[in-house]
Amino acid sequence: MPTVLFADYDYPDIELERKLFADARVDLRTAQCRTESEVIDAAAGCVGILLQYAPITERVIAALPQLGIASRIGAGYDTVDTAACAKHGVWVGNSPDYGVGEVSTHALALVLALMSNVRAYDRDIHAGKWHYLSSGKLRRASDMTLGIVGLGRIGKRMAYISRNVFGRVAACDPYLIDGDFPAYVQRADLEELCEQSDVVSLHTPLTAETRGMINAGVLARMRPGSYLVNTARGAVVNIDDLLSALDSGILAGAGLDVLPVEPVPSDSRLLDHPKVILTPHAAFFSVEAEVELRRKAAQNIVSWLESGRPDYVVVQGFRSPPA
C-alpha cells in the first residue's frame, strides 16, 4: 500500500480523510509538522503529502525523492515552493473552488458591518447610549462604489452579490482580458480603483507581486473615509501602513479576516482599534464548505495514484505514482 502523510491539520478529527484513503487502499500517516525538518522526517517513504500549513520547500522536496504530489487544503498555496516542485517533477494540487460563496458573503458582511457602524452601535448600546446618530453619519450604499482587487472565482462572486447593493462595481485584475469582466463590472487599474472606490475588497492570491501590495502609497490614493476589507491573504496588506491610514482618517474602517501573523498577536493595535473588525480566518467556513475543501484536497492524491494526475492542478509534475 502506498503511504501518504497528513502533514498538519487543525480539525477536531480526520475521519473524512481516513475513510477516503482507506477506501482507496492508501496508508495514512499523520503528524503536526511546523518545520522543514519535521516534514522531511515524517514523510520518509511517503508518495504524497496532504497539508494545511506545513512548509513544502526546496529542501523538503530534495530530501524526498519518492514524493510525487503535495496537495494543499485550501485555494492558496503560499507555503508550497511551486518552482521547486516543478523543477523536481512533484505535482501540486489544491482546492480552488470549495468556498466561493462563503468567502464572498463573508466579505460583503464585513463591508456592510463597517458601512453601517454595527460595531459602534453595539458598543454604544452597551454603554447606555440609544440613538441612531450615536455612531456618526452613514452614507447610502447605492451612492457608493465597490472596488474589487482580484476578479477570480471569489472576486466575481463578490461582484455578483454586491451589484444591487452599490451604485457601481469596479475591479482590478491585470491577468484577465476585457471579455472576462462581467458587463456590470467596470475595469480599472489599482490606482484608479483606489481613487474611485468607497470600499475596496481584496480577493487576490499571495504571490511575490501581491505581498505587501496594499501599502502606504496605495492607501494614500484611497478616498478619505473609505473602507478596506481583506478576506484573501493577510500578507497582501502592510498592517503598519493600514493602521496609519486608519489613524489619519484616510480609512473610516477595515474588516480583516486574514492577517500576516495568525492568530493576531496579543499586543497588536488591531485588537482595540475602534475602526477595525476582525474575524479569525473564518471567511471560508460553513460545515458544507469544510467537507468539500478537505475532500477535494485528499481526492487530488487519490486521483494522482489512480491516474497519474490530480483533479486540481497547480503544478504539472512528471513523477509517476508507484506501480
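Residues numbered from 1 in each chain as written. Predicted model: local features only at pLDDT ≥ 70, side-chain atom pairs only at ≥ 80, totals over all residues. Heavy atoms only, no water.

Caption draft 1: Quick peek at the pattern of salt bridges. The final tally for this structure, using the stated rule, is 16 salt bridges. Here Arg 294 ties to Glu 290 by a salt bridge, and the two come within 3.1 Å at their closest N and O atoms. Linking Arg 294 with Glu 290, this pair stays in helix H11 (residues 287–307), spanning four residues, or about one helical turn. Here Glu 290 falls in the buried class, since its relative accessible area comes to 18%. When the shortest N-O distance is used, the salt bridge between Glu 292 and Lys 296 registers 2.7 Å. With Glu 292 and Lys 296 both in helix H11 and four residues apart, this pair spans about one turn of that helix. Through salt bridges with shared partners, one network takes in Glu 17, Glu 290 and Arg 294. (Salt bridge = Lys/Arg side-chain N within 4 Å of Asp/Glu carboxyl O. Helix = DSSP H or I, 4+ residues; strand = E, 2+ residues; numbered from the N terminus. Buried < 20%, exposed > 50% of the residue type's maximum accessible area, 1.4 Å probe, protein only.)

Caption draft 2: Geometry of the side chain of Ser 226. Among the secondary structure elements, Ser 226 is positioned in strand S10 (residues 226–230). Among the polar contacts made by the side chain of Ser 226, one reaches the main-chain carbonyl oxygen of Arg 223 at a distance of 2.7 Å. Ignoring anything within four residues of it in the chain, the contact list for Ser 226 reads Ser 197, Asp 198, Ile 250, Leu 251, Ala 252 and Gly 253. (Polar contact = N/O pair within 3.5 Å; in protein donor to acceptor, adjacent residues only side chain to side chain. Contact = heavy atoms within 4.5 Å.)

Caption draft 3: Highlighting the nonpolar core. Membership of the largest hydrophobic core comes to 30 residues, with the highest contact counts inside it found for Leu 202, Ile 214, Leu 228, Ile 239, Leu 242 and Leu 251. Among the secondary structure elements, those contributing two or more residues to this core are strand S7 (168–172), helix H8 (190–196), strand S9 (199–202), helix H9 (216–219), helix H10 (239–248) and strand S11 (251–256). Counting residues per element, this core draws most heavily on H10, at five residues. If sequence neighbours within four positions are ignored, Leu 228 has contacts with Leu 114, Val 200, Leu 202, Ile 214, Val 237, Leu 242, Leu 251, Gly 253, Ala 254 and Gly 255. (Core = buried A, V, L, I, M, F, W, Y, C linked by side-chain atoms within 4.5 Å.)

Caption draft 4: A look at the side chain of Asp 198. On the secondary structure map, Asp 198 appears in the loop between H8 and S9. There is a polar contact of 2.7 Å between the side chain of Asp 198 and the backbone nitrogen of Thr 145. Sequence-distant contacts of Asp 198, defined by excluding residues within four places in its chain, comprise Arg 139, Asp 143, Met 144, Thr 145, Arg 223, Ser 226 and Tyr 227.

Caption draft 5: A look at a nonpolar patch on the surface. Where nonpolar side chains cluster on the molecular surface, the patch consists of Phe 285, Val 287 and Val 291 and spans about 270 Å² of accessible area. On the secondary structure map, Val 287 appears in helix H11. (Patch = residues over 30% accessible without salt bridge, like charges linked within 9 Å, V, L, I, M, F, W, Y side chains within 5 Å. Areas by Shrake-Rupley, 256 points an atom, 1.4 Å probe, with all protein chains shown as cover.)

Caption draft 6: Region of the structure containing the packing of aromatic side chains. The final tally for this structure, using the stated rule, is four aromatic pairs. Considering the side-chain rings of Phe 6 and Tyr 9, the 4.8 Å spacing of their centres and the 45° angle between planes classify their relative orientation as tilted. An identical accessibility class is assigned to Phe 6 and Tyr 9; each is buried. Each residue in the set Tyr 98, Phe 284 and Phe 285 is aromatic and connected to the rest through ring pairs, giving one cluster. Between Arg 163 and the ring centre of Tyr 160, over which it is positioned, the NZ or CZ distance is 4.0 Å. Arg 294 extends its terminal NZ or CZ atom over the ring of Tyr 11, reaching a point 4.0 Å from the ring centre. (Phe/Tyr/Trp six-rings, centres within 6.5 Å; stacked < 30°, edge-to-face > 60°. Lys NZ or Arg CZ within 6 Å of the ring centre and 35° of its normal.)

Caption draft 7: Representation of the environment of Asp 267 within the structure. Along the polypeptide, Asp 267 turns up in the loop between S11 and strand S12 (276–278). Take Asp 267: its relative accessible area is 68%, and that puts it in the exposed class. The sequence separation of Asp 267 and Val 236 amounts to 31 residues, and the corresponding C-alpha distance is 21 Å.

Caption draft 8: The sheet that holds strand S3 (residues 48–51), seen in detail. With mixed pairing, six strands are arranged side by side in an open sheet as S2-S1-S3-S4-S5-S13. Of all the strands in the sheet, just strand S2 (27–30) and strand S13 (313–315) have a single pairing partner and so form its edges. Strand-to-strand twist in this sheet, taken as the mean axis angle between neighbours without regard to direction, amounts to 25°. Here strand S5 (residues 91–93) runs beside S13; their pairing, made up of two bridges, is antiparallel. When the sheet's bridge partners are listed, Gly 93 is paired in S13 with Val 313. Running over the sheet, helix H1 (residues 15–23) touches strand S1 (3–6), S2 and S3 and is turned about 150° from S2. Here H11 sits on the sheet and contacts S1, S3, strand S4 (69–72) and S5; the angle it forms with S4, its principal contact strand, is near 160°. (Pairing = 2+ DSSP bridges. Axes fitted to C-alpha atoms, helices over the stretch in contact; angles between N-to-C directions.)

Caption draft 9: How the structure looks around the environment of Asp 23. For Asp 23, the location among the structural elements is in helix H1. For Asp 23, a relative accessible area of 54% puts it in the exposed group. Sequence separation of Asp 23 and Val 302 is 279 residues, and the distance between their C-alpha atoms is 9.8 Å. In this structure the side chain of Asp 23 is engaged in a polar contact, spanning 2.7 Å, whose partner is the side chain of Lys 19.

Caption draft 10: Geometry of the environment of Gln 316. Inspection of the secondary structure assignment puts Gln 316 in the segment after S13. Accessibility expressed as a relative area gives 55% for Gln 316, which makes it exposed. Placed 287 residues apart in sequence, Gln 316 and Arg 29 show a C-alpha to C-alpha distance of 25 Å. For Gln 316, the residues in contact, after removing those within four places along its chain, are Trp 91 and Arg 309.

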